[in-house]
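In case you want the letters, here they are:
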Amino acid sequence: MAAGTSTFLFDIAHLLAGGVLVLSLMLLVQDRLTAVINVFALQAVVLALSVGWQSLVQGAPHLLVTALITLLAKALIIPTALHRIVRKLDVHREIERVIGGGPTMLAGLGLVALSILVVHPVVETADPVAREDFAFALAVVLLGLLMMITRRNAVSQVVGFMSLENGLILAATGAKGMPLVVEVSVAFSVLIAFIVFGVFVFRIRERFDTVDVNVLERFRGEQREHL
Amino acid sequence: MVGGMSDVAIGLVCIAGFFGIGLSGAVLGRLRIATPIVYGASFVVALAAVALALGVLLGEAPPSMVVLPIGLPGTGAHFRLDTLSAFFVLVVDLGAAAASFYGIGYGRHEPEPARVLPFYGAFLAGMNLVLLAADAFTFLLSWEFMSLASWALVVVHHRESASIRAGLLYLLMASFGTLCLLLAFGLLAGPGAAIGGTAGFDHLTFAHMRASPPAEIFAALATVLALLGAGSKAGLMPLHVWLPLAHPAAPSHVSALLSGVMTKVGVYAFVRIVFDVAGNIDPWSGLVVVIAGGTTAVMGVLYAVMQRDLKRLLAYSTVENVGIVFIGLGLALAFRAAGQGPAAALALAAAFLHVLNHSLFKGLLFFGAGAVLTATGERDTEKLGGLVHTMPHTAVVVLIGCMSIAALPPLNGFVSEWLTFQAILMSPQLPQWGLKFAVPVVGALLALAAALAGACFVKAYGIVFLGRPRTPAAAGAHEVDGFSLAAMTALATLCVLIGILPGVVIDMLAPLTRDLAGSALPAQVEVPWLSVVPIAQSRSSYNGLVVFAFLFCAALMAALAVHRLASKTTRKSPPWDCGYPLPSPRTQYSSASFAMPIRRVFGSVVFGLTERVDMPRPGDTRAGHFRYRLRDPAWRFAYGPLARFVVRGAQHLNRLQFLTIRRYLALVFAALVVLMLVVAAWR
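From a predicted model like this one, the values you see are computed outputs, not experimental measurements.

Enquirer: Could you give me a rundown of the overall build of chain B, with the residues and numbers involved?
Expert: Secondary structure summary: chain B contains 27 helices and four strands in total. Relative to the globule expectation of 26 Å for 683 residues, the C-alpha radius of gyration of chain B, 27 Å, shows essentially globular dimensions. Over its C-alpha atoms, taken along the principal directions, chain B stretches across nearly 100 × 75 × 60 Å. Sorting the 683 residues of chain B into buried and exposed places 51% on the buried side. Taking all contacts inside chain B whose residues are at least 6 apart in sequence as the whole, residues at least 24 apart take part in 79%.

Enquirer: I'd like a description of the overall build of chain A, backed by residues and values.
Expert: The secondary structure content of chain A amounts to eight helices and zero strands. Going from the N terminus to the C terminus, chain A shows its helices and strands as α-α-α-α-α-α-α-α. Out of the 227 residues in chain A, the part that is buried amounts to 40%. Long-range contacts, defined here as pairs at least 24 residues apart, represent 71% of the contacts in chain A between residues at least 6 apart.

Enquirer: Report on the confidence of the model for chain B, specifying residues and quantitative values.
Expert: All names here are of chain B. The share of residues in chain B with pLDDT of 70 or more is 95%, and the mean pLDDT across the chain is 87. Ranking the elements of chain B by mean pLDDT puts helix H7 (residues 197-201) last, at 70, and helix H16 (residues 392-405) first, at 93. Overall fold confidence (pTM) sits at 0.78, and the ipTM for the predicted complex is 0.81.

Enquirer: Can you tell me about the packing of helix H2 (residues 33-58) of chain A against helix H3 (residues 62-89) of chain A, naming the residues and giving the values?
Expert: All names here are of chain A. Following both chains from N to C, one finds H2 and H3 inclined at 175°, their axes separated by 8 Å at the closest point. By the criterion of interaxial angle, the relationship of H2 to H3 is roughly antiparallel. Residue composition of the contact of H2 with H3, by class: 17 nonpolar, eight polar and one charged.

Enquirer: Describe the environment of B:Ala174, with residues and values.
Expert: By secondary structure assignment, the location of B:Ala174 is in helix H6 (residues 161-189). B:Ala174 sits 68 residues away from B:Trp242 along the chain, and the two C-alpha atoms are 9.4 Å apart.

Enquirer: Account for unusual backbone geometry, naming residues and giving values.
Expert: All names here are of chain B. Each neighbour pair has its own omega, and for Met237 with Pro238 the value is -5°, a cis peptide bond. Inspection of the secondary structure assignment puts Pro238 in the loop between helix H9 (216-234) and helix H10 (243-249). Following Pro409, the chain continues to Pro410 via a peptide bond in cis, the omega torsion being 5°. Examined against the element boundaries, Pro410 turns out to sit in the loop between H16 and helix H17 (412-425). Positive phi outside glycine occurs at Ala407, with the angle close to 60°. Of note, Ala407 is situated in the loop between H16 and H17.

Enquirer: Describe the domain arrangement of chain B, and please don't skip the residues or the numbers.
Expert: For chain B, the domain assignment lists domain 1 (588-616 + 623-629) and domain 2 (635-682). If you average the C-alpha positions of domain 1 of chain B and of domain 2 of chain B, the two centres end up 45 Å apart.

Enquirer: Tell me about the pairing of strand E3 (residues 610-614) of chain B, and name the residues and values.
Expert: Residue and element names in this part refer to chain B. Buried residues are scarce in E3, accounting for zero of its five residues. Here E3 pairs with strand E4 (residues 625-629) via five bridges, running antiparallel. In the sheet register, Glu611 faces E4, and the bridge partner there is Tyr628.

Enquirer: A description of the nonpolar core should follow, citing residues and the corresponding values.
Expert: Counting 230 residues, the largest nonpolar core has B:Ala347 and B:Ala349 as the members making the most contacts within it. In terms of residue count, helix H14 (residues 341-376) of chain B provides more of this core than any other element does, 23 residues in total. Counting residues in hydrophobic clusters, the runner-up holds 56 residues, among them A:Ala13, A:Leu63, A:Leu142 and A:Phe194.

Enquirer: Which residues make up the confidence of the model for chain A, and what values go with them?
Expert: Residues and elements named next belong to chain A. Put simply, chain A has an average pLDDT of 78, and 74% of its residues get 70 or more. The lowest-confidence element of chain A is helix H8 (residues 213-220), averaging 66 in pLDDT; the highest-confidence one is H2, averaging 88. Every residue in residues 222-227 scores below 50 in pLDDT, and together they form nine contacts with partners more than four places removed in sequence or on other chains.

Enquirer: Quick one: what's the story with the pairing of strand E2 (residues 77-81) of chain B, residue by residue and with numbers?
Expert: As a general feature of sheets, a regular strand has side chains that alternate between the two faces. All names here are of chain B. Among the five residues of E2, five are classified as buried, and the element is accordingly described as predominantly covered. Going residue by residue along E2, you find Ala77, Phe79 and Leu81 tucked away on one face and His78 and Arg80 tucked away on the opposite face as well. Direction of pairing for strand E1 (residues 64-68) relative to E2: antiparallel, over a ladder of five bridges. Within the sheet, the bridge partner assigned to Ser64 lies in E2 and is Leu81.

Enquirer: Can you explain the packing of helix H1 (residues 7-28) of chain B against helix H4 (residues 113-132) of chain B? Please cite residues and give values.
Expert: Residue and element names in this part refer to chain B. Where H1 meets H4, the closest approach of the two axes is 6 Å, and the angle between their N-to-C directions is 160°. Considering the angle they form, H1 stands roughly antiparallel to H4. Between H1 and H4 the crossing geometry is left-handed. Of the residues in H4, those in contact with Val8, Gly11, Leu12, Cys14, Ile15, Phe18, Phe19, Ile21, Gly22, Gly25 and Ala26 of H1 are Leu117, Pro118, Phe119, Tyr120, Gly121, Ala122, Leu124, Ala125, Asn128, Leu129 and Leu132. Here the residues of the contact of H1 with H4 sort into 17 nonpolar, five polar and no charged.

Enquirer: Residue-level account of helix H13 (residues 310-337) of chain B, with values.
Expert: Because each turn of an α-helix spans 3.6 residues, side chains separated by three or four positions in sequence point in the same direction. The first and last C-alpha atoms of H13(B) sit 41 Å apart over 28 residues, in line with the 40 Å expected at 1.5 Å per residue. The positive-phi residue at the C-terminal boundary of H13(B) is B:Gly339, with phi of around 75°.

Enquirer: Tell me about H1(B), residues and numbers included.
Expert: All names here are of chain B. The end-to-end C-alpha separation of H1 is 31 Å, in line with the 32 Å expected for 22 residues at 1.5 Å each. Burial in H1 covers these residues: Asp7, Val8, Ile10, Gly11, Leu12, Cys14, Ile15, Gly17, Phe18, Ile21, Gly22 and Gly25. Buried residues along H1 sit against helix H2 (34-59), E1, E2, helix H3 (83-106) and H4.

Enquirer: Can you break down the environment of B:Trp635 residue by residue, with the values?
Expert: On the secondary structure map, B:Trp635 appears in helix H26 (residues 633-654). Contact partners of B:Trp635, with chain neighbours within four places excluded, come to B:Val241 and B:Gly640.

What counts and what doesn't
- Residues numbered from 1 in each chain as written.
- Chains lettered and ligands numbered in written order.
- Predicted model: local features only at pLDDT ≥ 70, side-chain atom pairs only at ≥ 80, totals over all residues.
- Helix = DSSP H or I, 4+ residues; strand = E, 2+ residues; numbered from the N terminus.
- Rg over C-alpha atoms; globule rule 2.2 N^0.38 Å.
- Buried ≥ 20, exposed ≤ 12 C-beta atoms within 10 Å, placed from the backbone.
- Contact = placed C-beta atoms within 7 Å.
- pLDDT = per-residue confidence, 0-100.
- Axes fitted to C-alpha atoms, helices over the stretch in contact; angles between N-to-C directions.
- Parallel < 35°, antiparallel > 145°, perpendicular 65-115°, else oblique.
- Nonpolar A, V, L, I, M, F, W, Y, C, P; charged D, E, K, R; others polar.
- Domains from an automatic or database assignment.
- Pairing = 2+ DSSP bridges.
- Core = buried A, V, L, I, M, F, W, Y, C linked by C-beta atoms within 7 Å.
- Left-handed = near helix turned anticlockwise from the far one by under 90°.
- Expected span 1.5 Å × (residues − 1).

Take a look at the structure:
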């Protein structure tokens, strides 16, 4: 492969993985539930593209299956279902945030810097595509976790979890030779988790008339101070 | 060797026998017949082990090894029977045989034998396994097995909250001790053990540790760790706190094993690690051991004097005797490091002889306490008294035990303490000036301990057996069964025999001291008139036989004189009432009042004594009260603060139990980020 082609391949892979990361950061500061779900769907689309591109670069056709699963499950089925849930629950209005947008964003940027600092020396010997990919993937995982702990609405926590899982897929496809069965099982487990979450959200709603998890905590008698 | 089996294989067969006894105890436990079967079988197996040990010691058989294909993969479990193991097998199984025989009679009074019998066999098996183990893994495994089995015996009477508390404390101390031993073995095995796999496991055998001694600093560190680990089992200050709680909680024959025998397994662990496996140790470690032993001896006996619970008094006295043993061991370390073989051999022989002696008379005294408990249902000395009239046989054998433990000639306790003093008197030969000065101070401590032990057992015997009964329970006592009496009589006989003929036992110890100190005491059997001459005739000698003969003749002549010369007419008159108009048993010395002078002398520093007198005003008819409270400095300064720290920490951590899910997630997240920051900063 010529040097120019290699650079081009690298740039595209970099761009797509970076796109997933940027969408993760966007996810952090969305105020409305519908917007959160839409950004999540967009992230899944970019992720599917990235996985497809990896399949091309690595010459691994089974990654196309992964890309297809991602596209179908995460960009179509789950967002549609989440939209339906939100409509049904009638919570598609503004969501409240635990920490303000600015600090959350700053924390997210710090996490991105941290994951690059940690990953780069560890995988120095790996090829540059995988190297960048891992850094981005770790950042996406951390941002998903951050989203889960900064949100108090059950639906947006579910979305945080799903985007965390996107980071895992990004990492898994970046490494060469990851067998298909791993990705399939990860995707399957996410679907199951989604169903469980969905059922839970409705149960919570049925009982408490809200999907604010703080109410749940107050009910369990474990709330010590109001956040 | 018997029938092609090596000695260690016979030892393992005995251990398998104990395991089998434990199993049959578990199966038969609820039947009435189980008690005599289990104790009888234990007695037979223990006697077999005693015979084996005697054969190895007297025949000076070479060490025998066996490797079983269990335990560590590729390396297996190593077992070895050398003279050191054989001597401790002798001590353990002699005690076990006596306790088993005693148990045939005493065990009948046990309300729940199914809780005792399975663990009794397992406990004996565990102790013997520790003595035969020849690699760190097998050793620690057997050590823990022994600890757990003995814990089960401590909490037999689990409906008494004191038992449960004692058991908990014992578990804590046992785990601490095992941790220390684990670290000590880690240091001795060296970095080679970390490679893992068969090659790494091979570093854990004692043979390998012996062949590649660690650097001096690691050897010293391992000595300290072994002192902590083995000392927590043996009862060194300040690790002794569990003994006075746990030993009395068990049934009496098990108490005898815990106190008289299991502490010796702790001593064995120390000797095995420090003298045998660790190689050469610098003399200052010896000083640490000597000082630990000296303080333990004095503090142990001081607390023993203060006790009113008979079995607790005996447990504290065990602490004292372990201190005496450790004085001998520390001296042996110092002498050996200075290259003075004969002096090291003397100190070692003194320590080992005291190990044997203590296991005999402490077993005897716990049996005596058990007999008193059976006869009266009481352990509290303040409620006993006058038992010499109702339990004459027990009274005689317990008197011999008390005299032995108080180190009165011509009994065995005197010989070993005398030998320890001889070793202390050799200390001017040590090259280090610090040791030259420090060791005589410890000698003074030992002398104090010996004197206080005399006071302690005058009190124990006098309050329990002499005077008049203090309660109806004491007045209604009856002599105990034949098995118990026979076991006590056998131990008392051994105490007297070793006291009169110590040379035989000292000669038996010669191969041990030759292995561990490179030298042995001169053969004592050849000395005329059965004297004991540890170093040279011009220096010191002791003849138990002469002392015994003199005492016997003097007593005989005095008795004859009294009976011949005194008037034969019997005269009955009111007893001299010493100004007390009411001849109530309450006017006698009580346990607390007997100990009062010592309590006052050492009150502020040692005991943290607080006394409160509640005297009614004149004309007031209510009773007066006198209360006092002692606080063990180990609790005041070490365990109290530690326990408070742990409780406070636990209360703080308790909040973690009630966090919200999001906070748990945040904690995980924070931990992850902190770890990543560390990784990023590390590079």
